[in-house]
Amino acid sequence: MIVPVEPAASAIRRALEGFASGRFETQAELHRFLESDPHFPKNPNGGVHFQKIRQMLERSVYAGYLDAPKWGLSLIPGKH
């Protein structure tokens, strides 16, 4: 079972819900939001890589699904 790690999980939730609702229209707006959020983990330079933003938007685990084709799992609802 995947367990959310707070307070970072809440920051990610706010970011993804904001993107889904249209509050953040671009990845750049999402990037600025996460860089300004004190609870979102930053890289050693104190920023957030755009690659991290892209991963959050593309990886199914952030949407609440597990996808592991090697194990025969294809977009099943996660318990996290």
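Residues numbered from 1 in each chain as written. Predicted model: local features only at pLDDT ≥ 70, side-chain atom pairs only at ≥ 80, totals over all residues. Heavy atoms only, no water.

Quick word on the overall build of the protein
Then comes step 1: Each helix and strand in the protein was counted, giving 3 helices and 2 strands.
Then comes step 2: Taken from N to C terminus, the helices and strands of the protein fall in the order α-α-α-β-β.
Then comes step 3: Oriented by its inertia axes, the alpha-carbon framework of the protein measures out at about 40 × 25 × 20 Å.
Then comes step 4: Within the span of the protein, comprising 80 residues, buried residues form 25% of the whole.
Then comes step 5: Long-range pairs, those at least 24 residues apart, make up 28% of the contacts in the protein with a sequence separation of at least 6.
Then comes step 6: Accessible surface for the protein amounts to roughly 5,800 Å². Of this, 56% is attributable to carbon and sulfur atoms.
Then comes step 7: Across the protein, the 10 positively charged side chains and the 8 negatively charged ones have centroids separated by 6 Å. (Helix = DSSP H or I, 4+ residues; strand = E, 2+ residues; numbered from the N terminus. Buried < 20%, exposed > 50% of the residue type's maximum accessible area, 1.4 Å probe, protein only. Contact = heavy atoms within 4.5 Å. Areas by Shrake-Rupley, 256 points an atom, 1.4 Å probe, with all protein chains shown as cover. Lys, Arg positive; Asp, Glu negative; His and termini not counted. Charge placed at Lys NZ, Arg CZ, Asp CG, Glu CD.)

Notes on the packing of helix H2 (residues 27–36) against helix H3 (residues 50–58)
Then comes step 1: Packing of H2 against H3 leaves a shortest axis separation of 10 Å and a crossing angle of 110°. By the angle between their directions, the pair H2 and H3 is classed as roughly perpendicular. Where H2 abuts H3, its residues Gln27, Ala28, Leu30, His31 and Leu34 lie against Phe50, Ile53, Arg54, Met56 and Leu57.
Then comes step 2: Of the residues in the contact of H2 with H3, the class split is 7 nonpolar, 2 polar and 1 charged. (Axes fitted to C-alpha atoms, helices over the stretch in contact; angles between N-to-C directions. Parallel < 35°, antiparallel > 145°, perpendicular 65-115°, else oblique. Nonpolar A, V, L, I, M, F, W, Y, C, P; charged D, E, K, R; others polar.)

What about the nonpolar core?
Then comes step 1: Counting 12 residues, the largest nonpolar core is built from Ala11, Ile12, Ala15, Leu16, Phe24, Leu30, Phe33, Leu34, Phe40, Val48, Ile53 and Met56.
Then comes step 2: Secondary structure elements with two or more residues in this core: helix H1 (8–21), H2 and H3.
Then comes step 3: When residues in this core are grouped by element, the largest group, 4 residues, is from H1.
Then comes step 4: Not counting residues up to four positions away in its chain, the partners in contact with Leu30 are Ala15, Phe19, Phe24, Ile53 and Leu57. (Core = buried A, V, L, I, M, F, W, Y, C linked by side-chain atoms within 4.5 Å.)

Description of the environment of Lys42
Then comes step 1: As for its position among the elements, Lys42 is in the loop between H2 and H3.
Then comes step 2: Every residue in contact with Lys42, bar those within four places of it in the chain, is listed here: Leu34, Glu35, Asp37, Gly47 and Val48.
Then comes step 3: Within polar-contact distance, the side chain of Lys42 engages the backbone oxygen of Leu34 at 3.4 Å.
Then comes step 4: A distance of 2.8 Å separates a polar atom in the side chain of Lys42 from the backbone oxygen of Phe40. (Polar contact = N/O pair within 3.5 Å; in protein donor to acceptor, adjacent residues only side chain to side chain.)

Quick word on the pairing of strand S1 (residues 65–68)
Then comes step 1: Examined bridge by bridge, S1 and strand S2 (residues 73–77) share 3 bridges and lie antiparallel to one another. In the strand pairing of S2, Leu66 is matched with Ile76.
Then comes step 2: What sits between S1 and S2 in their antiparallel hairpin is a turn of 4 residues, with Gly72 showing a positive phi close to 75°. (Pairing = 2+ DSSP bridges.)

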